Amino acid sequence: MSAGRIAIQDVSIRLGTDGGQPGVEVLHRVSAEFAPGEFICLLGPSGCGKSTLLGALAGHLRPSSGSLLLDGVPVDGPDPERGLVFQHHTLFPWKTVLDNVGYGLKMKGVSRAQRNLEASALIELVGLAGFEHRYPRELSGGMQQRVEIARVLINHPRVLLMDEPFGALDALTRVKMQELLLDVWGRIRTTVVFITHDIDEALFLADRLLVMGPRPGRIVEEIVPGFARPRHADIVTNPHFVALKRRCLALLHDDAHPPLERLTPLGRDPVSEAATQWRFAV
Ligand SMILES: Nc1ncnc2c1ncn2[C@@H]1O[C@H](COP(=O)(O)OP(=O)(O)OP(=O)(O)O)[C@@H](O)[C@H]1O
Ligand SMILES: [Mg+2]
């Protein structure tokens, strides 16, 4: 059986429709298919509807028209098989790492011994062996997000939905978390839909990158970075990576959307390129 195939079919979403008003069309006729185990990144400027689309995939809001299917079945409300990770963790402050990670199994009535076994394996998977009996407040931001990922993975989700999960972390921790996530995903191969504003992050992580545009939110281009895996942080200096990054910048900031072939090859060094990223930060 296939597991984790997502079909987004002609989905439009209007928000603010209370009181019989027509509301604002936040997403306009979005269609996409994600294969089981694929790593998809959604990249787009603030307000273009990324979180709205993820919220619909999570089952927190319904499309105004069109349909969302997971393995052929319409998404109908939240379910742990579609795990959500946000920028800020949702751990219980009064529970240890072990009990936070095991919580999803507790809800299913699994015995303490079994859930400790499964939780310990996941804690090790995210590189936190030895921290099982710590409380969230005793961990760094990156460690808390690792626990959050383990907490979601214990439900064996068919889909992992991530909304800027590393957005609150410093640059170095963020890169380490990206590598960790790719390592974890390489072992469990769940479908990942990952939202980011950060072009480097999207190009580093994705099998396929969907660039979105605003007002109303829609997919303006699909990019397949095509870098061999496993990937390492130094691919940001690869000329192909830099060319794709320029393309993403053009898509995010130009209305004209020049085709890739017309982009001039980059002659700058990685340091000035990093400066460019800051200047265009969305
Ligand atoms: N309840 C609502 N009523 C009307 N408009 C809304 C409502 N909620 C969100 N919006 C609008 O929908 C648009 C998309 O919001 P969304 O949060 O999906 O954007 P986003 O791409 O995730 O942005 P960001 O990158 O800042 O998180 C925004 O323009 C926002 O103002
Ligand atoms: Mg958002």
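Source: prediction; values computed, not measured.

Calculation rules
Residues numbered from 1 in each chain as written. Chains lettered and ligands numbered in written order. Predicted model: local features only at pLDDT ≥ 70, side-chain atom pairs only at ≥ 80, totals over all residues. Heavy atoms only, no water. Salt bridge = Lys/Arg side-chain N within 4 Å of Asp/Glu carboxyl O. Helix = DSSP H or I, 4+ residues; strand = E, 2+ residues; numbered from the N terminus. Pairing = 2+ DSSP bridges. 1 Å grid on protein atoms, 1.4 Å probe; cavity = no way out; pocket = protein on both sides within 12 Å on 5 of 7 lines; lining within 4 Å. Points joined across faces, edges and corners; volume = space filled by probe spheres on them. Nonpolar A, V, L, I, M, F, W, Y, C, P; charged D, E, K, R; others polar. Buried < 20%, exposed > 50% of the residue type's maximum accessible area, 1.4 Å probe, protein only. Contact = heavy atoms within 4.5 Å. Right-handed = clockwise from strand over helix to strand, strands pointing away. Phe/Tyr/Trp six-rings, centres within 6.5 Å; stacked < 30°, edge-to-face > 60°. pLDDT = per-residue confidence, 0-100.

(A) Spotlight on the pattern of salt bridges. Scanning the model with the defined rule gives 14 salt bridges in all. A salt bridge links Arg-158 to Glu-81, with the nearest nitrogen and oxygen atoms 2.5 Å apart. Taken together, the residues span a long stretch of sequence, with Arg-158 in the loop between helix H4 (141–153) and strand S7 (159–163) and Glu-81 in the loop between strand S5 (73–74) and strand S6 (82–85) at a distance of 77 residues. Among the ionic contacts, a cluster of salt bridges with common partners joins Glu-38, Arg-208 and Glu-222.

(B) Up close: the pairing of strand S1 (residues 6–15). Pairing of S1 with strand S2 (residues 24–34), which is carried by 7 bridges, proceeds in the antiparallel orientation. For Ile-13, the partnering residue across the bridge sits in S2 and is Leu-27. Alignment of S1 against strand S4 (residues 65–70), held across 5 bridges, turns out to be antiparallel. Bridging from a neighbouring strand, Ser-12 pairs with Ser-65 of S4.

(C) Fine view of empty space enclosed by the protein. Applying the stated criterion across every chain, the model contains 1 cavity of 30 Å³ or more. Space inside the largest cavity adds up to approximately 30 Å³. Around the largest cavity, the lining residues are Ile-6, Leu-57, Leu-69, Leu-70, Val-75, Arg-82, Val-159 and Leu-161. For the lining of the largest cavity, the secondary-structure elements that each account for two or more residues are S4 and S7. For the lining of the largest cavity, the class distribution of residues is 7 nonpolar, no polar and 1 charged.

(D) Local environment of the environment of Leu-68. Along the chain, Leu-68 turns up in strand S4. Overall, the relative accessible area of 5% leaves Leu-68 in the buried class. In this structure, the C-alpha to C-alpha distance between Leu-68 and Ala-56, residues 12 residues apart in sequence, is 8.0 Å. Aside from chain neighbours lying at most four places away, what touches Leu-68 is Ala-7, Ile-8, Val-11, Ala-56, Leu-57, Pro-63, Val-73, Pro-74 and Val-75.

(E) Up close: the pairing of S7. Taking burial as the measure, the 5 residues of S7 include 5 buried ones, the bulk of the element. Across the two faces of S7 the burial is the same, with Val-159, Leu-161 and Asp-163 and Leu-160 and Met-162 all buried. As judged from the 4 bridges shared by S6 and S7, these two strands associate in the parallel manner. The partner of Val-85 across the bridge, within S7, is Met-162. Here S7 pairs with strand S8 (residues 191–196) via 5 bridges, running parallel. Bridge pairing in S8 links Val-159 to Thr-191. Crossover connection from S7 via helix H5 (residues 171–188) to parallel S8: handedness right-handed.

(F) Expanded view of the packing of aromatic side chains. Under the defined criterion, the tally for this structure stands at 6 aromatic pairs. When the ring of Phe-39 is compared with that of Trp-185, the centres are 5.4 Å apart and the planes differ by 85°; the resulting orientation is edge-to-face. One end of the pair, Phe-39, is in strand S3 (residues 39–43); the other, Trp-185, is in helix H5, with 146 residues separating them in the sequence. Here the aromatic rings of Phe-227 and Phe-241 are separated by 5.8 Å at their centres, their planes lie at 35°, and the arrangement is tilted.

(G) Main features of the confidence of the model for the chain. Summary statistics for the chain give a mean pLDDT of 88 and a share of 88% for residues scoring 70 or more. The least confident element of the chain is helix H8 (residues 270–279), whose mean pLDDT is 31; the most confident is S3, at 98.

(H) Molecular detail of unusual backbone geometry. Of note, the bond from Arg-215 into Pro-216 is cis; its omega dihedral lies within 30 degrees of zero at -10°. Here Pro-216 lies in the loop between strand S9 (208–213) and strand S10 (218–223). Going from Arg-229 to Pro-230, the amide bond is cis rather than trans, its omega being 0°. Positionally, Pro-230 belongs in the loop between S10 and helix H7 (239–253). In this structure, His-156 is a non-glycine residue whose phi angle is positive, near 50°. Structurally, His-156 is set in the loop between H4 and S7. In the Ramachandran plot, Glu-164 falls in the positive-phi region, its phi being about 45° despite a non-glycine side chain. Within the secondary structure layout, Glu-164 lies in the loop between S7 and H5.

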